[in-house]
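One-letter residues, chain by chain:
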Amino acid sequence: MMQKIPNEAKPATRKAREDRFQYHDYFGVDELLSEEHLLARQAVRDWVKAEVTPIIEDYAERAACPTHLFKGLAEIGAFGPSLPAKYGCGGMDEIAYGVIMQELERGDSGVRSMASVQGSLVMYPIYRFGSEEQKKYYLPKLASGELIGCFGLTEPDHGSNPSGMLTNIKDDGNAYILNGAKMWITNSPLADIAVVWAKDESGKIRGLIVEKGMKGFSAPEIHGKWSLRASITGELIFEDVRVPKKNLLPEAAGLKGPLSCLSKARYGIAWGVIGAALDCYDTALRYSQERIQFGKPIGAFQLTQKKLAEMITEITKAQLMAWRMGTLANSGKVTPEQISMAKRNNVNMALVVARESRQILGGMGITNEYPIMRHMMNLETVLTYEGTHDIHLLITGHDITGFNAFS
Ligand code: TGC
Ligand code: FAD
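Just so it is clear, the structure is predicted and the values come from calculations on it, not from any experiment.

## Focus: the pattern of salt bridges
A complete count under the given rule lists 18 salt bridges for this structure. Notably, a salt bridge pairs K71 with E75, separated by 3.7 Å at the nearest N-O pair. In this pair, K71 and E75 are both assigned in helix 2 (residues 69-75), four residues apart and thus about one turn of the helix distant. Of the two residues examined, K71 and E75, each falls in the exposed class. In this structure, the salt-bridge partner of K317 is E314, at a minimum N-O distance of 2.9 Å. Separated by three residues within a single helix, K317 and E314 lie in helix 7 (residues 302-330), roughly one turn from each other. Judged by its relative accessible area of 31%, E314 falls in the partly exposed class. Several salt bridges converge on common partners, so that one network encompasses D19, R106 and D279.

Structure follows, in structure tokens:
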């Protein structure tokens, strides 16, 4: 019998959508970017146009993951672009990482997720908390897409509050015995390895590299998502899984470990969603210039202009915030709280832009002839994962008042 691959990739069957995307840079933010940033961005932009736009509506409609894109993502350097070249990674700076995420999310948030999880949530923890042996073994394989990884923090009963996690390890000679369950894990059904966070016998949170095929480990797919439909999501179930001690990330102890990885991924999201917003804005702007009602283009009506003018204003503010966050990250000065503010602001901005753009397209806005409804549905997840909209507000609240609303 043929082995069933979860969410198997199939070739696109529908007519490919024409990609007329034009970039918008109202405040000349590009002048703040280096030649390297612009080259990296252009390469990813070209790849998205050639490989993502023609197939993405079809995959989203079928709720199938375009797994064949992993290889291309590796080839364009989307996995760990700002991690060191000596481990087979990009060796670029944090702004290059940001602009790459922006171009990927212009294509689809799910495609950006494929890269974010691999680079920021699997490669980064191994780089930051792993032994030299782990780095040398795993990082080149992950950068080249030979191995695909996932990140297990969230549990069925512990989402916003990961410190309450129940997943645990017990010392058993040369191995740990891992028990528990993780929920909502991007890429888990197809991942070769999972970076899993679990409490040890003293209650300290530790990170482990769990490999596919380990006895007692399974990763069933979660079905029925109306958002991130072209991204595969699943659970991680551990029933007395024997994980060799050499798979423990030696330098991570405490919640700070996984939360540092989240900072890296949230940073990428704060840049990424600008891409989704630009795709929606660009589509709506062109439509407003071409669609005639009452004898003139709808873009000539003041109410349409108000929507478009507000959209480009908010996109511009997000571009500037992302750039400044990038310069702070490059000099090692960005704080997790600044990243939280940028993630929250920019995701919400993109969602508002998507909703306003959808209105400008009228009935056509709800179809998959245009990318807007797909972006809008995707952004509902992006508003929630990597810390919800309200959790990030409370992080800012804590930072500015000194009072922690969580405890
Ligand atoms: P709290 O006491 O505040 O913090 C514990 C320790 O961690 C430090 N810390 C951070 N360090 C680095 N980066 C951050 N973002 C950090 N946030 C906190 C903190 O300084 C402290 O250090 P120390 O030395 O004092 O021990 O912890 P808390 O239990 O009160 O929790 C705070 C809270 C609620 C903000 C945090 O738990 C949180 O961020 N919750 C949201 C959970 C979340 O974002 N989950 C995301 C799961 S992964 C995911 O969604 C992937 S989607 C992938 C995709 O497809 O793209
Ligand atoms: P809850 O924590 O139950 O929150 C529900 C609501 O309560 C939210 O509105 C929240 O803001 C609010 N709330 C909670 N606490 C407070 C409070 N103190 N004050 C005010 N309001 C509060 N996780 C991973 O570990 N790895 C992954 O790869 C991953 N991928 C994901 C992919 C998808 C498609 C989705 C949907 C999620 C993914 N997640 C992943 C999980 C994601 O990070 C969680 O969904 C998120 O952190 C929220 O947790 P929750 O869904 O349990 O919601």
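## Considerations on the site of ligand 1
Around ligand 1, a shell composed of 25 residues is seen, among which S113, S263, R266, E386 and G387 lie nearest. The separation between an oxygen atom of ligand 1 and a polar side-chain atom of T186 is 2.9 Å. For ligand 1, whose unbound accessible area comes to 1100 Å², protein coverage reaches 72%. For the shell around ligand 1, the secondary structure elements donating two or more residues are helix 4 (109-129) and helix 6 (256-290). Ranked by residue count, the leading element in the shell around ligand 1 is helix 6, at six residues.

Analysis parameters
- Here the residue index of a chain counts from 1 through its sequence in written order.
- Key to labels: chains lettered from A, ligands numbered from 1, both in the order written.
- At least 70 in pLDDT is required for a residue's local features to be given in this predicted model, at least 80 for side-chain atom pairs to be given and counted, and no such filter applies to totals for whole chains, interfaces and linings, which use all residues.
- To obtain the side-chain values, all non-hydrogen atoms of the structure were used and water was disregarded.
- A pair is scored as a salt bridge if a Lys or Arg side-chain nitrogen falls within 4 Å of a carboxyl oxygen belonging to Asp or Glu.
- A helix here means a DSSP run of H or I that spans at least four residues, while a strand means a run of E at least two residues long, and both kinds are numbered starting from the N terminus.
- Any residue under 20% of the maximum accessible area for its type is buried, any over 50% is exposed, and the rest in between are partly exposed; the area is computed with a 1.4 Å probe on protein chains only.
- A single heavy atom is enough: if one lies within 4 Å of a molecule or strand, its residue is considered near that molecule or strand.
- By the criterion applied in these results, polar contacts are pairs of N or O atoms within 3.5 Å in which, for protein atoms, one can donate a hydrogen and the other can accept it, and in which residues neighboring in sequence qualify only through two side-chain atoms.
- Reported accessibility uses the Shrake-Rupley method at a 1.4 Å probe radius. Residues are deemed covered only where the shown protein chains occlude them.

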